[in-house]
Amino acid sequence: MNRTKGDEEEYWNSSKFKAFTFDDEDDELSQLKESKRAVNSLRDFVDDDDDDDLERVSWSGEPVGSISWSIKETAGNSSSSHEGREQLKSRNSFSSYAQLPKPTSTYSLSSFFRGRTRPGSFQSLSDALSDTPAKSYAPELGRPKGEYRDYSNDWSPSDTVRRLRKGKVCSLERFRSLQDKLQLLEEAVSMHDGNVITAVLIFLKRTLSKEILFRELEVRQVALRHLIHFLKEIGDQKLLLDLFRFLDRTEELALSHYREHLNIQDPDKRKEFLKTCIGLPFSAEDSAHIQDHYTLLERQIIIEANDRHLESAGQTEIFRKHPRKASILNMPLVTTLFYSCFYHYTEAEGTFSSPVNLKKTFKIPDKQYVLTALAARAKLRAWNDVDALFTTKNWLGYTKKRAPIGFHRVVEILHKNNAPVQTCRDLKDRQQLLAYRSKVDKGSAEEEKIDALLSSSVSSYSLSLQQAQETVHKTVPSICSQGLEGLQLANPHGCKALLWPQCQKHCFE
Amino acid sequence: MAFPHRPDAPELPDFSMLKRLARDQLIYLLEQQHEVDKLYKVENKPALSSSEQLCFLVRPRIKNMRYIASLVNADKLAGRTRKYKVIFSPQKFYACEMVLEEEGIYGDVSCDEWAFSLLPLDVDLLSMELPEFFRDYFLEGDQRWINTVAQALHLLSTLYGPFPNCYGIGRCAKMAYELWRNLEEEEDGETKGRRPEIGHIFLLDRDVDFVTALCSQVVYEGLVDDTFRIKCGSVDFGPEVTSSDKSLKVLLNAEDKVFNEIRNEHFSNVFGFLSQKARNLQAQYDRRRGMDIKQMKNFVSQELKGLKQEHRLLSLHIGACESIMKKKTKQDFQELIKTEHALLEGFNIRESTSYIEEHIDRQVSPIESLRLMCLLSITENGLIPKDYRSLKTQYLQSYGPEHLLTFSNLRRAGLLTEQAPGDTLTAVESKVSKLVTDKAAGKITDAFSSLAKRSNFRAISKKLNLIPRVDGEYDLKVPRDMAYVFSGAYVPLSCRIIEQVLERRSWQGLDEVVRLLNCSDFAFTDMTKEDKASSESLRLILVVFLGGCTFSEISALRFLGREKGYRFIFLTTAVTNSARLMEAMSEVKA
């Protein structure tokens, strides 16, 4: 699963413990450069090139001079904890840390891992460093736990479980009777530590027949969940399916089997595998989805082979003008529909790749169909097709504009594809035209055209925005050199209530 | 702007100690090896190193073990002998050892643990950096991290004294608490007699309140997290923010003076604040006009540095705001927020449903669509079957049929469910039919090994007054309650629970709420005598979020703290947001 991998990358890349990042130096440098650039961009400012705002940063990522680097200095010279803290604070207010030697990592480490045994508050670092008898709270550091061997035979189940929790190796072999095994499991469950529960389950899985194991787990839900997760993680699909079968969890069984298709890369093999999923005991609803999944991939394989051939032959105009960017295999249905509207719009219903055929086969709702077709045809600037999508004839033969989706969405899609004004006007809706106007470039030919069409009054909105922008630009030239262009995009029709009006108000007041 | 802390606010304990502890322990572990000179990221490719020994620092996951095994076995085949060491963080799992054994490399590899589980991301925020906690526990029901949590709490009480008052809600919270207590008993005496530094601890399961975590965030820090993803306390600002051709990694914490003033603010206040700041900065720069040489020298040596720093930060955050505005405008954020508020308040359900439908049809981000569906489901106690079917079908058509697995996950976790036929019950009805429903619920639990339960959000919301009644406009500049973190529309449930319990110092009078939360067996309090606790420590509260907390919740509680003279410290398994929760549930392509 990608998730875990991503998470871990995130973790190590972003850890503050810079010992693990490879580019921390770069970061500081670029920050420095950025600040330099910003300052230099201040107009006619004092010429200064000193880089003394560079934070000196140790390899640990902390600015030199932060508490950790003062350890050596404060260590041992303060006995009162509170005083020690104050001292640290005052030291930190000095500005001349450059002189501090870069400590090597060899200084006394063991001293950090002590907890106090005497009463009193544990407040200052100097306490941690003092050499009073102390107890380790980083247990068994330096002695890898794996080296512990414990052959004691008389640990009770609860002692055993407690030892397991501490990470100690502890033989479970002496728990041979079913009763002992189950008692061990129950102890583990009542302690709540999932790691120990799994450890006991690994032992039970090895020493019990699966029927007995399954039977006992059926009445122990917590342990059962751990076994299922464990089997999923180690990828013991066979036992997992057996377990679901035993528990009569048919739907999970089916889903679990279906999940495997994700690991099959070859499209034909994947298709064959999906075929084996069709008869599985899904819910009625999911059965239909699985069937659709199979049919979709089957279609895609046919379309892909056909289109790849057409494209390489170079005889078909649409493929020459708009070469395919990616294969259609394993794409969602809507994407496939878009593709088919883009490359195969005019095909007869009988062909697998025609949009109408897809619509019928997968029972795509009108709304979805129109939306997708519109997007595809607008992208190709096939405005006649767009127009036709909304034209219906009533029984008297009059044509009428209708759309199963909101016209504001239509306008949005058209705008994205730079539709000519006429197309929009044909949609007849004055309000929509207004909306469209707000989206075209200021002063552009389109705008003039719309204005002519509407002979509308200019909304005061754009004016005030401009004024405000000028004000801000004047006030802080350097910062605003980056501009506040973002605001220009704000759609006046979107400024209904909560957020944006206030932004604008506060920004430009 | 930027509310200052009350003068009587208690001081926070010094958490940098945790960082030093962890770092030094790691150095110690690494030094046992000879000359660890370079660290590689564990990726699924052969290690290029020619060293005589390899040291792996990994999370305890099966996948990592398989990788290490393949590497060691490849070496063996090539007749190469090296030393291998695996350092597990924060701890080793038996399942990992089992894999090493099965792969035949058990003796070839030595194992160690780096018990690093508390990373101070900020002065008041400790993260365990375990995003996988959420899926492992709330989807799979695996309790592997509970011991890690208990150990972390144990370490905290060793360092900062015992906690005189403990509260918790949720099944996981209760287990973590019990295991922690066991640990303390085993290592008896360690915290006895110590003066407590932190007066209260409050443990809370994420599934007690999914709603808050699913909402779009509108306080600045939350919005930055939603837009750019804050990772481990820092964020990568791309060229669109830095107005250069480079990305910039920026630490976001209390040290950043500009950020610190705007992080908890509603976004609508941030622009005003920044532009005021910019004007002040300009004025300060302008002062140099008319300075004589000496004054100029002083200015350069004393003030310039600070101004430059401020200037840099200011332009960064202005850039970030612009970029957020651009993105949010493009995705029609206004409409989105309106829909969310409608869902929270429970009106216009049909309209919201078609809004979600449209999202799906237009193939707007799959995560967003999923999030909205979950929000609809939890606030409505599940989708009505017709809607469930139709939204699911459209979702699969838009984003891919394999998401069938995602839907199954969401159902198991209780995030997206279908109302059982005739499942629209009033409180009275539900009491009458309790027996029947319990039986039915038991069946469902069996069928899907589900942790899921009815959410009862509407009833809880009424009981706890989560939707504030507002006369006129809610002034976001001068927030009155925690609802400001959601534009005045909703008080985060998690934070409201914490507030109520702290006020009462118990769950007394909250029985009905606890019942509605399905937590009757998992709400607990534990008080010890307070004679040793100073009044200052009694105003310090450690809140532990199991399964992650959001920046909005942090902001809300910081606000509550300022109002009441408390200070909150946050301990979370990871900082989360709606997108992370949804991604954790998504079944991605292998």
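Our structure is the block above this text.
Summarised in this report is the structure supplied together with it. Fair warning: this is a prediction, and the values are worked out from it, not measured in the lab.

1. Considerations on the overall build of chain B
The helix and strand tally for chain B stands at 24 helices and twelve strands. In chain B, buried positions account for 63% of the 590 residues. In chain B, of all internal contacts separated by at least 6 residues, the share reaching a separation of at least 24 is 78%. Just so you have it, chain B exposes about 21700 Å², and 51% of that area is on carbon and sulfur atoms.

2. Describing the pattern of salt bridges
By the definition in use, this model includes 67 salt bridges over all chains. Across the pair A:K238 and A:D242 runs a salt bridge, and its minimum N-O distance is 3.4 Å. With a gap of four residues between them, A:K238 and A:D242 both fall in helix 11 (residues 237–247), about one helical turn apart. B:D136 serves as the salt-bridge partner of B:R61, at 3.3 Å between the closest nitrogen and oxygen. Placement of the pair is B:R61 in the loop between strand 1 (53–58) and helix 2 (62–77) and B:D136 in helix 4 (residues 132–139), with a sequence separation of 75 residues. B:R61 gets classed as buried once you look at its relative accessible area, which sits at 6%. Because the salt bridges share partners, they merge into one network encompassing A:E233, B:R59, B:R61, B:E132, B:D136, B:D142 and B:R144.

3. Description of the pairing of strand 7 (residues 200–205) of chain B
Residue and element names in this part refer to chain B. Of all six residues in strand 7, six are buried; the element is thus mostly enclosed. Residue alternation in strand 7 divides its side chains into two sets, H200, F202 and L204 and I201, L203 and D205, and both sets are buried. With five bridges connecting them, strand 6 (residues 165–169) and strand 7 associate as parallel partners. Within the sheet, the bridge partner assigned to G168 lies in strand 7 and is L203. Bridge analysis of strand 7 against strand 11 (residues 540–546) gives six bridges, and the strand direction is parallel. Bridging across to strand 11, D205 finds its partner in L546.

4. Quick look at the sheet that holds strand 4 (residues 119–122) of chain B
All names here are of chain B. Here we have seven strands laid out as an open sheet, ordered 4-5-12-11-7-6-10, and mixed in their pairing. The open sheet has two edge strands, strand 4 and strand 10 (523–527), and neither has a second partner. Here the average twist between neighbouring strands, direction ignored, is 20 degrees.

5. A closer look at helix 24 (residues 578–585) of chain B
Residues and elements named next belong to chain B. Here helix 24 lies mainly inside the structure; seven of its eight residues are buried. Listed as buried for helix 24 are S578, A579, R580, L581, M582, A584 and M585. With a side-chain oxygen lying 3.2 Å from the backbone nitrogen of A579, the N-terminal cap of helix 24 falls on N577.

6. A few points about the pairing of strand 4 of chain B
Sheet analysis places strand 4 of chain B next to strand 5 (residues 125–127) of chain B, joined by three bridges and oriented antiparallel. Bridge pairing in strand 5 of chain B links B:D122 to B:L125.

7. With respect to the environment of B:G222
Residue and element names in this part refer to chain B. With respect to the helices and strands, the residue G222 is situated in helix 8 (residues 220–228). It is 9.5 Å that separates the C-alpha atoms of G222 and F267, two residues lying 45 residues apart in sequence. Setting aside residues up to four positions removed in sequence, G222 forms contacts with Q217 and F551.

8. A few points about the sheet that holds strand 1 of chain B
All names here are of chain B. Strands sit in the order 1-2-3 across an open sheet of three strands; the sheet is parallel. Two strands in the sheet have a free side with no partner beyond their single neighbour: strand 1 and strand 3 (109–113). Each strand of the sheet is rotated relative to its neighbour by a mean of 20 degrees, with strand direction disregarded. Pairing between strand 1 and strand 2 (residues 83–88): six bridges, direction parallel. Across the sheet, Q53 pairs through a bridge with K83, a residue of strand 2.

What counts as what
Residues numbered from 1 in each chain as written. Chains lettered and ligands numbered in written order. Predicted model: local features only at pLDDT ≥ 70, side-chain atom pairs only at ≥ 80, totals over all residues. Heavy atoms only, no water. Helix = DSSP H or I, 4+ residues; strand = E, 2+ residues; numbered from the N terminus. Buried < 20%, exposed > 50% of the residue type's maximum accessible area, 1.4 Å probe, protein only. Contact = heavy atoms within 4.5 Å. Areas by Shrake-Rupley, 256 points an atom, 1.4 Å probe, with all protein chains shown as cover. Salt bridge = Lys/Arg side-chain N within 4 Å of Asp/Glu carboxyl O. Pairing = 2+ DSSP bridges. Axes fitted to C-alpha atoms, helices over the stretch in contact; angles between N-to-C directions. Polar contact = N/O pair within 3.5 Å; in protein donor to acceptor, adjacent residues only side chain to side chain.

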